[in-house]
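# Tertiary structure, described
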Amino acid sequence: ALGWLRPVTELGSTGAVIAVGLAAVLIGMALRRPWLGLSGALTIALASVANSLVKLTIARERPELLEPIIEERGFSFPSGHAALSAVAYGVIAVLVARSPLPLLAKQVIAGLMAALVLAVGASRVWLGVHYPTDVLAGWLAGVLVVTGYALLTRAAQTARAAAAVDGDRAAPRSDPPEPA
């Protein structure tokens, strides 16, 4: 009855997250900011490593309350599918937010990314392979990582833009140029 959840949960699998990381690189190239896509892919990869290390450190066993619909190996806390889908699809949302797409398109894509993250996390509980707290912790970790990515890449963008304006004394400014 819940077999339809298998493809949903796979959207947070290692293979899917790798594909999203590659998509981030391509989106960065399309935006003519390859460093933004590469840093997004690196963020996804580092989040995967960090999640694995946390799982090994905490070593929480998977639920045994019900017969799981799918079998999973490894520890339960935090949910890697929840965390990595939040990071991967969150990175895509940040990239799209920085694109020249119309605002409505950006909002629709961000909403779709959020829906994917919620569906992946919920599927992990419904399939019997995670406790709800595993998923909540994964989502929280993912949101924190994406927030860090967004802030760091925004700061880098702002610094590069400021350097470009400082290099051109005739560029329009909101503040008066300092005397030479």
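Summarised in this report is the structure supplied together with it. Quick caveat: nothing in here was measured; it's all calculated off a predicted structure.

### Considering the overall build of the chain
For the chain, the helix and strand inventory stands at 6 helices and 0 strands. Going from N to C terminus, the chain has its helices and strands arranged as α-α-α-α-α-α. A burial count over the chain gives 37% of its 180 residues as buried. Considering only contacts within the chain whose residues lie at least 6 apart along the sequence, 73% involve residues at least 24 apart. Carbon and sulfur atoms form 71% of the exposed surface of the chain, whose accessible area is close to 10400 Å².

### A short note on the nonpolar core
Counting 23 residues, the largest nonpolar core has Ile44, Val91, Ile92 and Leu95 as the members making the most contacts within it. Elements supplying a minimum of two residues to this core: α2 (14–30), α3 (34–58), α4 (80–97), α5 (103–126) and α6 (132–167). Ignoring anything within four residues of it in the chain, the contact list for Ile44 reads Val17, Val20, Gly21, Leu84, Val87, Ala88 and Val91.

### Considerations on the side chain of Ser79
Here Ser79 lies in the loop between α3 and α4. Here the side chain of Ser79 touches His81 through a polar contact of 3.5 Å, landing on its backbone nitrogen. Apart from the residues lying within four places of it in its own chain, the contact partners of Ser79 are Asn51, Lys55, Arg124, His130, Asp134, Val135 and Gly138.

### Here we look at the layout of surface pockets
By volume, the largest pocket amounts to about 300 Å³. Those elements that provide at least two residues to the lining of the largest pocket are α3 and α4. Looking at which element gives the most residues to the lining of the largest pocket, the answer is α3, with 5 residues. Along the lines of polarity and charge, the residues of the lining of the largest pocket split into 3 nonpolar, 10 polar and 4 charged.

### So, the pattern of salt bridges
Within this structure, the stated rule accounts for 2 salt bridges. Put simply, Asp134 and Arg60 hold a salt bridge, and the shortest N to O gap is 2.8 Å. With Asp134 in helix α6 and Arg60 in the loop between α3 and α4, the pair connects residues that are 74 residues apart, well separated along the chain. A salt bridge links Glu72 to Arg124; the shortest N-O distance between them is 3.1 Å. Here the residue Glu72 occupies a position in the loop between α3 and α4, and Arg124 occupies one in helix α5, the gap between them amounting to 52 residues.

### What about α4?
With 18 residues, α4 should reach 26 Å at 1.5 Å per residue; the first-to-last C-alpha distance of 25 Å fits that figure. With 17 of its 18 residues buried, α4 lies for the most part within the structure.

### Here we look at a nonpolar patch on the surface
On the surface, Val49, Leu53 and Leu56 cluster together into a nonpolar patch covering about 310 Å² of accessible area. Its location among the elements puts Val49 in helix α3.

### Some thoughts on the packing of α2 against α3
Packed helices, taken two at a time, are described by the angle between their axes plus the distance between the axes. Running from N to C, α2 and α3 point in directions that differ by 165°, and their axes come no closer than 6 Å. Classified by the angle their axes make, α2 and α3 are roughly antiparallel. α3 is crossed by α2, and the crossing has right-handed handedness. Note on element contacts: α3 touches α2 through Pro34, Gly37, Leu38, Ala41 and Ile44, opposite Val17, Val20, Gly21, Ala24, Val25, Gly28 and Met29. Here the contact of α2 with α3 is built from residues that sort into 9 nonpolar, 3 polar and no charged.

### Focus on the side chain of His81
Here His81 is to be found in helix α4. By relative accessible area, which is 14% here, His81 ends up buried. One polar contact links His81 to Arg124, side chain to side chain, over a distance of 3.4 Å. In contact with His81, not counting residues within four places along its chain, are Thr9, Gly12, Ser13, Glu72, Val120 and Arg124.

Definitions and limits used
- Residues numbered from 1 in each chain as written.
- Predicted model: local features only at pLDDT ≥ 70, side-chain atom pairs only at ≥ 80, totals over all residues.
- Heavy atoms only, no water.
- Helix = DSSP H or I, 4+ residues; strand = E, 2+ residues; numbered from the N terminus.
- Buried < 20%, exposed > 50% of the residue type's maximum accessible area, 1.4 Å probe, protein only.
- Contact = heavy atoms within 4.5 Å.
- Areas by Shrake-Rupley, 256 points an atom, 1.4 Å probe, with all protein chains shown as cover.
- Core = buried A, V, L, I, M, F, W, Y, C linked by side-chain atoms within 4.5 Å.
- Polar contact = N/O pair within 3.5 Å; in protein donor to acceptor, adjacent residues only side chain to side chain.
- 1 Å grid on protein atoms, 1.4 Å probe; cavity = no way out; pocket = protein on both sides within 12 Å on 5 of 7 lines; lining within 4 Å.
- Points joined across faces, edges and corners; volume = space filled by probe spheres on them.
- Nonpolar A, V, L, I, M, F, W, Y, C, P; charged D, E, K, R; others polar.
- Salt bridge = Lys/Arg side-chain N within 4 Å of Asp/Glu carboxyl O.
- Expected span 1.5 Å × (residues − 1).
- Patch = residues over 30% accessible without salt bridge, like charges linked within 9 Å, V, L, I, M, F, W, Y side chains within 5 Å.
- Axes fitted to C-alpha atoms, helices over the stretch in contact; angles between N-to-C directions.
- Parallel < 35°, antiparallel > 145°, perpendicular 65-115°, else oblique.
- Left-handed = near helix turned anticlockwise from the far one by under 90°.

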